[in-house]
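An overview of the molecular structure
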Amino acid sequence: MQRNLVDRVYSAVVGTITGFGMLLLLAPTLVVLVISFTGGITLKFPPPSWSLRWYVELLQSQEIMEPALTSLKIAAAATILSAVLGGAAALGLARSKLKIARALDALFMSPMVLPAMAFGLSLLLVFNLLGIRLSAATLVLGHTVICVPFVIRMVGASVQQLNPVLITCSLSLGASRWYTFRRITLPLIRRGIVASCFVAFLTSFDNVPVSLFLADARTEVLPIKLWAILEGSLDVRVAAVSGVIVLVTLAGLVCAELFGGVSRQIGNR
Amino acid sequence: MSRADTTASRQLLPVVPLAALFFAAFVLPLAALVLVSLFRDPQFTGLSLVQYVRFLSDPFSLKVLSDTLWLGAEVAFATLILAYPLALVYVASGQFMRTLITFLIMLPLLTSTVVRTFAWIVILGRDGIVNSAMLSLGFWQAPTRLLYTWEGMVLALTQIQLPLMALPVINSLLRLDGNLTRAAEGLGASRARIFITIILPLTLPGAIAGWLLVFAAGATAFITQTLVGGGRIILMPSYIYQQAVGVQDWPFAAALSLIFTLAVTGIVLAIGALSRRFMRGVDAA
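My aim in this report is to walk through the structure given alongside it, one point at a time. Every value quoted in this text rests on a predicted model; they were computed, and no experiment measured them.

Attention now moves to the overall build of chain B. Broken down by element type, chain B carries 13 helices and 0 strands. Here the C-alpha atoms of chain B give a radius of gyration of 24 Å, more than 25% beyond the 19 Å that 2.2 N^0.38 yields for 285 residues. With the C-alpha coordinates of chain B rotated into their principal frame, the extents come out at 75 × 75 × 35 Å. Burial analysis of chain B (285 residues in total) assigns 45% to the buried set.

Structure below.
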């Protein structure tokens, strides 16, 4: 009887906290979507009326659309660069038992533990000391470094699951290395590559600490612009941008899921 | 060099481009950071340890560092309290509930940090959800300031970092041998007792892994700290930014960055090593 009571209290506590946790996870995204359709001119919640005015305003704001476009370009470049270089490195490292391979693996993962502000500042310092002018290229370089750990982990995990016998078979049956790579290796690690590209793109698109130090006057990226707007005034246009980002990300997730089961890959990270 | 050695090294050939990139854009910058932190003044006139002495003898700087580390720890404990029930429900549920929880956990992970932080501005603001709910329910007489407070910042960071805790905790709960809890149940232990004596100790490695991730992420979350915490709460990331960009004192900013990096990674490595030492035999997460 007493055990029953204890069990019931326990279940109630677990259930309540879980409910709160799930609400907490969902609420902010929902709030952003709802407030972006407000007809009012403040962030008053619930919105006094509904309209698409902030989305219209957004399309007409050159000062937000331009950084958005810049961010997309930078993210695309950083994704491609980190996927190609990181993917190649992951393939090389996965099978190697050399000590230096383990050391390099640790090096490639370390941007993840280094506070991003410190890394951003260090890049600014080195470019200054070497007399290299800040540009979109230096920004892409910085973003690539912080995207690489995801590629190394996710592509590396796919390579680990790959049965090496398949490659030996292909080679011994007379296929060239390139043909084997194209027809055997690449299709089998596709999931890892798609998932890591997805995460790398989001990481770059979302990055503030590195861009904060490296963005020159001509390459303004979206998160920095939004941060500056929010620090100054609470502009409702940010809600519309946020709404677009949330919807595009969800659409991207669905696409990536269809191509390569991204959620499983991220869950296994 | 033997033939086996040559093939082993040849395998590393595809690693070379990335290694070169990391040398130029990661190792070299960090070396520059160390070098710059050793200059006596922003004019780079001479080398000395004066920046470090300046930090260690300045109560304000030390307070900023301890506040920042404390923030990380607070957020990590808050996510821990939320993550366990979530993980327990996940493990005990069917396919539908599991998919729903996975989706909810992925959602904040995939929405941009600025967007998530912006959501908290809307929730905690003067005309925000919490204030209008409390006012219309009659609990509060006047709007209460929630934005730009320490508590508001902890709450926002807790939500933003919860996925980093929930994923490792769920993973170690999934790996827990179900026979252990079933045996305890058969022997008459209450569910709370099973949780405390069996589930918690055996999933601790996952919890510690999550704790360390959230701690580091919370302490370094520049955007959320500056936008939800506001300008009056100064923490290490904004302190570094202010010294580097505002005051243009690069040597001091570099020293701040290094001290902050060492403090965060030092704590992460120390707790990681301690937990491995005391939990030998427990399935490492």
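Taken together, the 73 residues of chain B in the interface contact 75 residues of chain A. In terms of residue class, the side of chain B that touches chain A is built from 55 nonpolar, 15 polar and 3 charged.

Residues and elements named next belong to chain A. In this model, helix α6 (residues 136–161) (26 residues) spans 37 Å end to end at C-alpha, consistent with the 38 Å of a helix rising 1.5 Å per residue. The sharpest bend along α6 comes to roughly 35 degrees, located at Cys-147, with the proline Pro-149 sitting one to four residues further on. Burial of α6 is extensive: 21 of the 26 residues sit out of reach of the surface.

Residues and elements named next belong to chain B. The backbone of Phe-44 sits at a positive phi, close to 60 degrees, despite the residue not being glycine. For Phe-44, the location among the structural elements is in the loop between α2 (16–37) and α3 (50–56). Although it is not a glycine, Tyr-148 adopts a positive phi angle of roughly 60 degrees. Counting through the fold element by element, Tyr-148 comes out in the loop between α7 (129–136) and α8 (150–175).

Two numbers describe how helix α11 (residues 222–232) of chain A lies on helix α6 (residues 113–124) of chain B: the axes approach to 10 Å, and their chain directions differ by 20 degrees. Judged by the angle between their axes, α11(A) and α6(B) are roughly parallel. Here the hand of the crossing between α11(A) and α6(B) comes out left-handed. Residue-level contacts link Pro223(A), Leu226(A), Trp227(A) and Leu230(A) of α11(A) to Val114(B), Phe118(B) and Ile121(B) of α6(B). Within the contact of α11(A) with α6(B), the residues separate by chemical class into 7 nonpolar, no polar and no charged.

Before going further, it helps to spend a moment on α8(B). An α-helical turn contains 3.6 residues, so any two residues separated by three or four positions project in the same direction. Taking 1.5 Å of rise per residue, 26 residues should cover 38 Å, and α8(B) covers 37 Å from first to last C-alpha, within 8% of that figure. α8(B) sits mainly inside the fold: 20 of its 26 residues count as buried.

This next bit is on the nonpolar core. Ranked by size, the top nonpolar core spans 164 residues in total, and within it Leu121(A), Val151(A), Ala87(B), Ala166(B) and Ile240(B) carry the most contacts. No other element matches the 14 residues that helix α4 (residues 59–92) of chain B contributes to this core.

So, on to the environment of Ser51(A). Residues and elements named next belong to chain A. Along the chain, Ser-51 falls in the loop between α1 (2–35) and α2 (53–60). What makes Ser-51 exposed here is the crowd of 12 C-beta atoms within 10 Å. With 25 residues separating them in the primary sequence, Ser-51 and Leu-26 have C-alpha atoms 23 Å apart. Discounting residues that sit within four places of it in the chain, Ser-51 has contacts with Phe-37 and Gly-39.

Reading the values: rules and limits
- Residues numbered from 1 in each chain as written.
- Chains lettered and ligands numbered in written order.
- Predicted model: local features only at pLDDT ≥ 70, side-chain atom pairs only at ≥ 80, totals over all residues.
- Helix = DSSP H or I, 4+ residues; strand = E, 2+ residues; numbered from the N terminus.
- Rg over C-alpha atoms; globule rule 2.2 N^0.38 Å.
- Buried ≥ 20, exposed ≤ 12 C-beta atoms within 10 Å, placed from the backbone.
- Contact = placed C-beta atoms within 7 Å.
- Nonpolar A, V, L, I, M, F, W, Y, C, P; charged D, E, K, R; others polar.
- Expected span 1.5 Å × (residues − 1).
- Bend = angle between axes of the 7 residues up to and from the residue.
- Axes fitted to C-alpha atoms, helices over the stretch in contact; angles between N-to-C directions.
- Parallel < 35°, antiparallel > 145°, perpendicular 65-115°, else oblique.
- Left-handed = near helix turned anticlockwise from the far one by under 90°.
- Core = buried A, V, L, I, M, F, W, Y, C linked by C-beta atoms within 7 Å.

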